[in-house]
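# Examination of the molecular architecture
This is what each chain is made of:
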Amino acid sequence: MRFSQSFIRTSKEEPADAEIISHKLLMRAGLVRKLASGIYIIMPLANLVIKKIENIIRSEMNAACAQEVIMPCILPANLWKETGRWEVYGSEMLKIKDRAEREYCFGPTHEEVITDLVRHEVRSYKQLPVTLYQIQTKFRDEIRPRFGLMRAREFTMKDAYSFDISAEGLDINYKKMHAAYCNIFKRCGVKYTVVDADTGAIGGSSSHEFMVIAPSGEDAIVYCDSCRYSANVEKASTQIDKILGPEIPAGSSAAAPRSKIEKIHTPNASTIDDLAKFLKVDKKSLCKILFFTNGRAENDGREDVVALISGAFELNEIKLKNHLKFINLEMIPSEEVQKRVGAYPGFGGPIGINPNVKIIADNSVKHLSDFVVGANEKDYHLKNVNLSDFSVTSFADLVMVDAGHPCPQCGAKLEKARGIEVGHIFKLGTKYSEALGAKYIDEAGQENPIIMGCYGIGVGRTMQAAVEQNNDQDGICWPMPIAPFHVILVLLNSSDETQKQCAEDLYKKMLAENIEVLFDDRAEKPGFKFKDADLLGIPIRVAVGRYAAEGKVEFKRRNSKDLKVVGVDEVVSLVKSEISREINGL
Ligand code: ATP
Ligand code: MG
């Protein structure tokens, strides 16, 4: 393509609402344009990148025996009502009505539709297993769309769904998809890691996320260098006994002689840190209390709960939300805690609170004895409290795992990093097939629910994550396999006939060799063109300048400072070998 005829418009200006480097660069390089909050136009260069990512995805999906379908974007409400997700999905779902007041949504994901399809098409075990996928537009009314295509409202996703007759079959398909995802991200040229993940609103028993490691990533992950354990902090666990000592056997504190509960004056010590300092004890011997609700109105199924956890840890709200099976989890406003829970914020404890309020305790509390809790009275705490002094509704793992905590597998210290979730695979099991009655008849003539898996990749997010990971102060440095063009051919002085002729000849020759080349034939200054070439991030730059008279051109890689002067005759084969090494050799 000739730059002079292209629709590429670059800019030096820092876009006002872009916070992270990849978003800034996508805007400055003219790859995307914002139409509305979280809604973007994909410009020609970005479209080239996206098509390459999609083709890599397609080839790996096809190789894993998945078949491509195209489902609609506009989905009827009745299917979502059948699974209960019309209500449960929450406000990320964009609901719409047609002229006859029939309800629809713009698909945020397609489990319902694909399961509906399969329940109508599949009768017998002979038709299974099958895996279907699509690459298609989704809409999620994200509460905080940001970072450009990273967290957009309208975005392209590859979503695949597998259907099996047994758990072993699902395992095989899950592993196949896991391997296909590894190939996809490797072939896209991004550095990624796979982590254990929370199953969230989609549901299911097990899941893994594919993370592009980048400091700006919205997800926090922990990993162990010793045994390679890695997990999203939403899911990660640790070994509590390595921090708090062994669990206290149930009933032992009640049976054994122990100190009596004592009310102690703790003026102004309303935080765990202040209290630990005041009592001159370690935070871990204190028991924190937090107040949550499902956020519904009092007369509309409101549930208030308290959560307890050792002062050694922070509470992981996602784990609590999953444990409670709440659609929504929020803190009770502190001015309402006394009235609703019967506890005094800052000096709250589980003893003597409103009996209708559930007490959920993190497993760490089982490791505490003679601990300190709030007395539910301003400036007072109770000491020598034990689990036998109040009744816990349920125990759960609610710990927010952090760097330095022991690895749950091998006990070594965990490290922490940030990542961008580009892909997510789930073992769904029978959640959707049971809700929608997607069954098959087995060899013995029995009907059984089909066992499902689902597998997503954010296409636009992957493109932007590649930019987030591959850039420098001058602009983008595209990995070769997804670069919009492999070569930028720069004519330095367009009024110099020799240079012009040489560049035109080279352009034709590259096109004839099927080299993806952007020819900067504009009548602009060399410095200006080089700046654009760097900003656009095309991996190979061939510049035709003063050496043209000697039949030579300048060859430079985007991610290196080295500049080689090479013969016009050699440059095409040099370019071709670099491209093929980096695409096929990856
Ligand atoms: P997140 O936790 O980032 O909201 P998710 O768990 O909701 O992601 P999935 O439902 O698993 O995402 O969707 C599959 C893939 O779609 C994700 O791995 C991600 O790459 C992409 N994706 C999800 N939400 C967005 C979004 N708002 N913008 C761009 N891509 C997205
Ligand atoms: Mg989401």
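Heads up: the structure comes first, above all this text.
Residues numbered from 1 in each chain as written. Chains lettered and ligands numbered in written order. Predicted model: local features only at pLDDT ≥ 70, side-chain atom pairs only at ≥ 80, totals over all residues. Heavy atoms only, no water.

### Regarding the sheet that holds strand β32 (residues 552-557)
Across the sheet, which stays open at both edges, the five strands sit in the order β30-β29-β31-β32-β33 with mixed pairing between neighbours. In the strand order of this sheet, the two ends are held by β30 (517-520) and β33 (563-567), each with one partner. For this sheet, the mean angle separating the axes of adjacent strands, direction not counted, is 25°. Summarising the sheet, strand β29 (residues 487-491) and β30 pair through four bridges and their orientation is parallel. Pairing of I488 across the sheet is with L518, part of β30. (Pairing = 2+ DSSP bridges. Helix = DSSP H or I, 4+ residues; strand = E, 2+ residues; numbered from the N terminus. Axes fitted to C-alpha atoms, helices over the stretch in contact; angles between N-to-C directions.)

### Describing the nonpolar core
One finds M61, Y181, I184, M463 and W478 to be the most contacted residues of the largest nonpolar core, which totals 65 residues. When residues in this core are grouped by element, the largest group, nine residues, is from helix α6 (residues 167-188). Viewed by domain, this core spans two of them, domain 1 (8-208 + 423-468) and domain 3 (485-584), each represented by three or more residues. Setting aside anything within four residues of it in sequence, one finds M463 in contact with L26, A46, V49, I50, I53, L149 and W478. (Core = buried A, V, L, I, M, F, W, Y, C linked by side-chain atoms within 4.5 Å. Buried < 20%, exposed > 50% of the residue type's maximum accessible area, 1.4 Å probe, protein only. Domains from an automatic or database assignment. Contact = heavy atoms within 4.5 Å.)

### Quick word on the site of ligand 1
The local shell around ligand 1 holds 15 residues, among which R140, E142, R151, A152 and E421 are the closest. R140 places a polar side-chain atom, nitrogen or oxygen, 2.9 Å from an oxygen atom of ligand 1. Separating a nitrogen atom of ligand 1 from a backbone N or O atom of M150 is a distance of 3.3 Å. For ligand 1, whose accessible area on its own is 580 Å², the fraction buried by protein is 87%. Of all the elements in the fold, those that place two or more residues in the shell around ligand 1 are β8 (154-164) and β23 (415-429). The element best represented in the shell around ligand 1 is β23, accounting for five residues. Taken together, the residues of the shell around ligand 1 sort by class into seven nonpolar, three polar and five charged. (Near = heavy atom within 4 Å. Polar contact = N/O pair within 3.5 Å; in protein donor to acceptor, adjacent residues only side chain to side chain. Areas by Shrake-Rupley, 256 points an atom, 1.4 Å probe, with all protein chains shown as cover. Nonpolar A, V, L, I, M, F, W, Y, C, P; charged D, E, K, R; others polar.)

### Focus on helix α10 (residues 317-324)
Three or more residues of α10 are buried, namely K319, L320 and L324. Burial along α10 is one-sided: seen end-on, the buried residues are contained in an arc of 125°. Turning to α10, the residues buried within the fold contact β14 (287-293), β15 (304-310), β16 (314-315), β18 (358-362) and β22 (399-400). Its side-chain oxygen 3.0 Å from the backbone nitrogen of I318, N316 forms the N-cap of α10. One or two steps after α10, the chain reaches K325, where phi turns positive at roughly 55°. (Arc of directions from axis to C-beta.)

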